[in-house]
Structures are given as structure tokens and as C-alpha cells.
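Observations on the three-dimensional arrangement
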Amino acid sequence: MSLHDDAVLVLKEYGGQEELRQLYLDHLDAHPDGMYKPCGAGHLTSSALVVDPERGRVLLTLHRKLGMWLQMGGHCEPGDATVEAAALREATEESGIAGLSLLPGGPVRLDRHPIPAPCHWHLDVQYAALAPAGAVAAISEESLDLRWFAYEEVAGVADTSVARLLEGTLQRL
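The structure presented is a predicted model; accordingly, all values stated were derived computationally and were not measured.

As a further point, take helix 5 (residues 160-172). An α-helical turn contains 3.6 residues, so any two residues separated by three or four positions project in the same direction. The first and last C-alpha atoms of helix 5 sit 18 Å apart over 13 residues, in line with the 18 Å expected at 1.5 Å per residue. Listing the buried residues of helix 5 in full gives Ser161, Val162, Ala163, Leu165, Leu166, Gly168 and Thr169. On its buried side, helix 5 packs onto strand 1 (43-52), strand 2 (57-63), strand 3 (69-70), strand 6 (109-114), strand 7 (121-130) and helix 4 (154-157). Sitting at the head of helix 5, Asp159 places a side-chain oxygen 3.2 Å from the backbone nitrogen of Ser161.

As C-alpha cells, this is what we get:
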């Protein structure tokens, strides 16, 4: 199964945000290359909010290009077998934490946001990743900073997309 086919299956099984979910499916139907960055009409991305439920905190990255506190995530790559695998790879690379595991139940949320040309949209499939006990984060080249925030601090430092992702994650926990 291709990554494109996996994304279609994941989105068909996703039980929320019906209008946005359909927009993602329509995008993939119209764009066989819609999983990857070269697709000028936009492309799917995959991300994961790294959570430490035992300590009531999340790990956010200060994105180098955007200057915003965000969850870990980014572009799908040809070696990614699934959208979940892409989210886990991105979370592991950007957090430096080995042994992350995705919260069961598939994506927590979808978020579509504009990006600068030549591409125009990121259609993000958002997961939550559980940090193992004693996890130590290590900053990557893609970040200006990497920091743990208590759940109640997130809305004050991050945008509404991250706050909604945290809300959805906490509902699943």
C-alpha cells in the first residue's frame, strides 16, 4: 500500500471534522502527488504532540522558520510507510526522544493552514505521542528551542491549533 493509499484509509476512518476531512480526501483524489512538498496545490503533513501524562506537560519546539511554539511534525518522505510512521519519525527526530509511542485511536485532529508560496497549504494530520518515563529531549536543527510546558501554559505560548490538539489529546487520555 502506498503512503497516499494509507492516508486515504486513515482519513476515511477518522471520525471527526467532517468538512475538513472531506477537503483532505478531495485533495488527495485530485492530486496523486498530494502527500509531498512538491505538490503546489498543498500537501499533507504529519505531526505529533509529545505528551508526558505523568508530569502533566507537553514538549513544544520553537520552529526555526516560523518563530512559533508548535508540536513536532513536518513533511512526509518517500520512505514513510504510513501517515502514523511519518508522525512518529518527525516527533522522534525533532524531540530527540527515543521510545515515543503514538496514542492509540488514530489522528487526534486535522489542521489546514496556509504556508508561503510556491506551495499554498499544509493539510496536517495530527497525532499525540506519549513520552517514555524519564524522557530527555534534545534540540534538533529545525528548532530554535525545545521546551516542556505544563498543560495550562500551552494556550499562552502556542496558537489555537496547538491548544486544540492538546484539548483533543487530553480527552483521549
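Per the stated rule, a full pass over the model turns up one aromatic pair. Look at Trp69 and Phe149: their rings are 5.0 Å apart centre to centre, the planes differ by 75 degrees, and that puts the pair in the edge-to-face class. Of this pair, Trp69 sits in strand 3 while Phe149 sits in strand 8 (residues 143-150), placing them 80 residues apart in sequence. Judged on exposure class, the residue Trp69 and its partner Phe149 are both buried. Sitting over the face of the ring of Trp121, Arg112 holds its NZ or CZ atom 3.5 Å from the ring centroid.

Given a rise of 1.5 Å per residue, 13 residues ought to cover 18 Å, and the 18 Å separating the end C-alpha atoms of helix 3 (residues 83-95) matches this to within 8%. By the burial criterion, the buried members of helix 3 are Val83, Ala86, Ala87, Arg89, Glu90, Ala91, Glu94 and Ser95. The elements touched by buried residues of helix 3 are helix 1 (3-13), strand 1, strand 2, strand 4 (72-75), strand 7 and strand 8. Once helix 3 ends, the next one or two residues include Gly96, with phi positive near 75 degrees.

Remark: a regular strand shows side chains that alternate across the two faces of the sheet. By the criterion of burial, strand 1 is predominantly enclosed, with ten of the ten residues buried. The alternating pattern of strand 1 places His43, Thr45, Ser47, Leu49 and Val51 and Leu44, Ser46, Ala48, Val50 and Asp52 on opposite faces, both of which are buried. Bridging between strand 1 and strand 7 involves nine bridges; their strand directions are parallel. Bridge pairing links Val50 to Ala129 in strand 7. The sheet contact formed by strand 1 and strand 4 spans four bridges and is antiparallel. Among the inter-strand pairings, Ser47 is bridged to a residue of strand 4, identified as Gly73.

Tracing the chain through its elements places Ala85 in helix 3. Separated by 44 residues in the primary sequence, Ala85 and Ala129 have C-alpha atoms spaced 11 Å apart.

By the definition in use, this model includes zero disulfides. Cys39 supplies the cysteine sulfur nearest to Cys76, a cysteine that is in no disulfide, at a spacing of 12 Å. Given the relative accessible area of 5%, Cys76 is considered buried.

What counts, and where the lines are drawn
- The residue numbers shown here count from 1 along each chain, following its written sequence.
- Confidence filtering applies because this is a predicted model: local features only for residues at pLDDT of at least 70, side-chain atom pairs given and counted only at 80 or more, and all residues used for totals across whole chains, interfaces and linings.
- The basis for every side-chain value is the complete set of non-hydrogen atoms in the structure, without hydrogens or water.
- Strands here are runs of E lasting at least two residues and helices are runs of H or I lasting at least four, both read from the DSSP assignment and numbered beginning at the N terminus.
- By definition here, a helix of n residues has an expected span of 1.5 Å times n minus one.
- Buried residues are those whose accessible area, probed at 1.4 Å on protein chains only, stays under 20% of the maximum for their type, while exposed residues exceed 50% and partly exposed ones sit between those limits.
- Contact between two residues is taken to exist if any of their heavy atoms lie within 4.5 Å; hydrogens are not considered.
- Pairs of N or O atoms within 3.5 Å make up the polar contacts considered here, provided that, within protein, one atom can donate a hydrogen while the other can accept it, and that residues adjacent in sequence are counted only when both atoms are side-chain atoms.
- Ring pairs shown here join Phe, Tyr and Trp side chains whose ring centres sit within 6.5 Å, with only the six-membered ring taken for Trp; geometry is labelled stacked below 30 degrees between planes, edge-to-face above 60, and tilted in between.
- Placement of a positive charge over a ring is assigned whenever Lys NZ or Arg CZ falls within 6 Å of the ring centre and within 35 degrees of the normal to the ring plane.
- In this description, strands pair whenever DSSP reports at least two bridges between them.
- The rule for a disulfide is simple: a pair of cysteine sulfur atoms within 2.5 Å.

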